[in-house]
Every structure is written in C-alpha cells, then in structure tokens.
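# Structure assessment
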Amino acid sequence: MEQATKKVKTTTKKSSTRAKKEVIGKDMYMQWYETMLRIRKFEERALMLYGQQKIRGFCHVYIGQEAITAGMESALRREDNIVTAYRQHGTAIGRGVPTNKAMAELMGKSNGINKGKGGSMHFFSAAHNYFGGNGIVGAQIPIGAGIAFAEKYKGTDNLCVTMFGDGAARQGALHEAFNMAMAWDIPALFVCENNHYAMGTSTSRTSNVTEMVKLGLSYDMPSASVDGMDPEAVYNAVKTAAEHIRAGKGPYYLEIRTYRFKGHSVSDPGKYRSKEEVAEYKEKDPIKVLEAKLLEEGMATAEDIKAVKDMIKTEIDEAVAFAEAGEYPDPSELYTDNYVQPDYPFIKD
C-alpha cells in the first residue's frame, strides 16, 4: 500500500507542469492576447444579439475562460482532435473556425459553420478536427476516448483533447472512459474546465471530492492542476501532457481552474455567487492581466494594442454583417445531413 500511495502522489505533482517550462517570446504573448480578445469580443456581441432576439435558443458564452483555449491551442497541432461541451464558441474560434461562420451559426443561418442546424451548442468542423460541442452533459467524454482510440488504431501520434466541466466530471461516463483509456493506453488528453459552479451548484455541494485533480488518482492517470486564468500556465501544462501522450505513455488529465464571468447561460442571473467573488475573479481577467504585462515589459506599445483591438472590432462587425445577410435554411433541408450511407458492399439500398 505504501508503494502504491507513493506512485499516485508522483503522478499528480503540480510541479510536473513546470518541469519543461520555456522562455516565452513576444510573438506568443501577442498571439494569446489576440486570440483571447477575439473570443471575448465575439461573445460580447453574441450576448447583445441575443438581447435583440437575433440569436435564439440556448447560448452559453466563454467570457472569463478565454486563456484556456489560447494557451491550449499553441501547445497542440492542428491534426489533433478536440471534443467539448456546449460552452464552446471560444474553443471553436481558437481552433480556427472563422468568426463569420460561427456568428452565422448562432443566428441559425445557412451560411453558418453547420448550415444553421447546430446553433450555439453543436458546432462541428471536420476541416478543423473539431468534433464540437455536445449538449448532453458528459456525453462527449466517451466520444473523445473513442476518437483517441481511433488515432491509436490508425497508428498516428495525434491525440484527442476531451474537454468537460466540473459538473460533467460527476458523470459515470467519465470513470468508464478513464478506466478504458488507462487500460488501453489511449492518446487522450482529458481536460476539466473547472469553473466551480456547473449549471449553478458549487463543487462542494455535489461531492466530497472538491479538488477535481484527484479524479485521476484511482486510475494512476498522470494529472495536474492548472491556473486557467493564465495562458502561459495552460500552455506549459498542455505541452507537457501532449509530449507524454505522443511518447506512447497513455492518457493525461488536467484540471484547469477557471471562472466564467457570466451566468451558466444567458438566462442565468448567477445569484448563487456573491458580487464580491465575481469582482475578485475579474481582477484576474486574463485579457487585462496580459495586456498590462505586454505594456509594462515593453513587448507592445499602446499603438500595438489599439491596432489589435481595431482589427478585431472590424472582424466582429464584418462577422455580424455576414450573418445578418445570410438566409435561413430552406425547410427542405430538414432531413439532410442527418445520416450518411456508408459505401459498404454488404449494405444494399
């Protein structure tokens, strides 16, 4: 028992995410800043359009969590896969989905990334290896394990990032996926975006295990807890995890601690959180913190920052115009794109 305990502690050392920390240059910091600001401005405009009833249905924004996508994408390859939950506009944009196609999708237009059929919760793009948002809580976890298994089966060194929230982490599907991933050395990077409140219930009210990083313990899965308000911390953690997975050592689990500045969805006033708590986290706003760092350390001038802001404002304005100019799908499209008939010789019409 003593040896087993030591092994588990070794796999969850927080210092493991710092072991291969590198010196980050100006270009990377500017890339993170641009990515985070693009997501923030996109989501702010989406909220405005929702208020104008130009976006309908469910809508969950990524405001406050942008550092995760910015740091994560810079440590991944485009050949790697991502599957996530419904708070996923920012993840899709970070992956490379154009903001105009994303905005059109939110408005349900046929020029959207999924022809207006996916809406806010179900973006998908095979071209970006983005297997999208999943509206069923936790259902994407075994899907991500399956995608990772497919990469192993094909003999690639690609991985699948499987993202989920602290609420979904309580689902039984997680434990089944963790068990199979470790048993078969599946190249999966499991990422818990722990924003502390699931749909509106704090982690302390759903389980006695409030340190989400411990979920990997009983599977001996290498695990680490990461500051999700810092893109550099996320980058270093994901880079370490990806190197481990590509070396054929099996899956890795990251609990990325973050905070959503808005409610669970547009209909959630978030009254279960105190104003003081929200204000405290807004002091850690990753965009403001990184902007200050760029200016204070001379990596960017005020003119550089303004240029990025102006560029993104123009981009989002154009995305809205693109979406508003789009047409709603024709009713005849209702039954298309639902199923694909495989070209198997044993299947007959």
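Details of the structure are given in the entry above.
The following refers to the structure shown. (Residues numbered from 1 in each chain as written. Predicted model: local features only at pLDDT ≥ 70, side-chain atom pairs only at ≥ 80, totals over all residues. Heavy atoms only, no water.)

## Some words on the overall build of the protein
On a plain count of helices and strands, the protein comes out with 11 helices and six strands. Taking 20 Å as the expected radius of gyration for a compact globule of 349 residues, we find that the protein reaches 20 Å, a close match to that expectation. For the protein, with 349 residues in total, the buried portion stands at 50%. Of all intrachain contacts in the protein linking residues separated by at least 6 positions in sequence, the fraction that spans at least 24 positions is 75%. A total accessible area of about 17100 Å² is found for the protein, and carbon and sulfur atoms account for 53% of it. Put simply, the protein has 45 plus and 46 minus side-chain charges, and the middle of one group is 4 Å from the middle of the other. (Helix = DSSP H or I, 4+ residues; strand = E, 2+ residues; numbered from the N terminus. Rg over C-alpha atoms; globule rule 2.2 N^0.38 Å. Buried < 20%, exposed > 50% of the residue type's maximum accessible area, 1.4 Å probe, protein only. Contact = heavy atoms within 4.5 Å. Areas by Shrake-Rupley, 256 points an atom, 1.4 Å probe, with all protein chains shown as cover. Lys, Arg positive; Asp, Glu negative; His and termini not counted. Charge placed at Lys NZ, Arg CZ, Asp CG, Glu CD.)

## Focus: the environment of Tyr130
Here Tyr130 lies in strand β2 (residues 130-133). Distance from Tyr130 to Ala292, taken between C-alpha atoms, is 32 Å for residues 162 residues apart in sequence. Those residues within four positions of Tyr130 in sequence are excluded, and the remaining contacts are Ile82, Thr84, Gln88, Thr91, Ala92, Arg95, Phe123, Phe124 and Ser125. Here the side chain of Tyr130 touches Gln88 through a polar contact of 3.0 Å, side chain to side chain. (Polar contact = N/O pair within 3.5 Å; in protein donor to acceptor, adjacent residues only side chain to side chain.)

## With respect to the environment of Ala139
Following the sequence through the fold, Ala139 ends up in the loop between β2 and α6 (140-154). Ala139 gets classed as partly exposed once you look at its relative accessible area, which sits at 22%.

## Quick word on helix α11 (residues 302-325)
Look at α11: 35 Å from first C-alpha to last across 24 residues, which is about the 34 Å you get at 1.5 Å a residue. For α11, the full list of buried residues reads Ile305, Val308, Ile312, Ile316, Ala319, Val320 and Ala323. Lining the buried residues of α11 we find α2 (26-51), α5 (99-106) and α10 (286-296). (Expected span 1.5 Å × (residues − 1).)

## Side note on the sheet that holds strand β3 (residues 160-165)
Read from one edge to the other, the open sheet built from six strands follows the order β2-β1-β3-β4-β6-β5, with strand pairing classed as parallel. Strands at the two margins of the open sheet, each flanked by one partner only, are β2 and β5 (223-227). Between one strand and the next, the sheet's axes are offset by a mean angle of 20 degrees, whatever the strand orientation. Direction of pairing for β5 relative to strand β6 (residues 252-257): parallel, over a ladder of five bridges. Across the sheet, residue Ser223 finds its bridge partner in β6, namely Tyr253. Across the sheet, helix α3 (residues 66-73) lies against β1 (81-84), β3, β4 (188-194) and β6, angled at about 170 degrees from β3, the strand it touches most. (Pairing = 2+ DSSP bridges. Axes fitted to C-alpha atoms, helices over the stretch in contact; angles between N-to-C directions.)

## Regarding the packing of aromatic side chains
Going through the model one piece at a time under the given rule, you end up with 11 aromatic pairs. Ring centres of Trp32 and Tyr235 lie 5.8 Å apart, and the angle between their planes is 55 degrees; on these two criteria the pair is classed as tilted. With a gap of 203 residues between them, Trp32 in helix α2 and Tyr235 in helix α8 (residues 231-246) connect regions that are remote in the sequence. A relative accessible area of 0% places Trp32 in the buried class. Lying over the aromatic face of Tyr281, Lys284 brings its terminal NZ or CZ to 4.8 Å of the ring centre. (Phe/Tyr/Trp six-rings, centres within 6.5 Å; stacked < 30°, edge-to-face > 60°. Lys NZ or Arg CZ within 6 Å of the ring centre and 35° of its normal.)

## Side note on unusual backbone geometry
Located in the positive-phi region is Lys115, a residue other than glycine, with phi close to 60 degrees. With a phi close to 55 degrees, Asp185 is a non-glycine residue in the positive phi region. Within the secondary structure, Asp185 sits in the loop between α7 (172-183) and β4.

## Considering the environment of Gly200
Mapping Gly200 onto the fold places it in the loop between β4 and β5. You can call Gly200 partly exposed: its relative accessible area is 21%. Residues contacting Gly200, with those up to four places away along its chain left out, are Arg260 and Tyr272.

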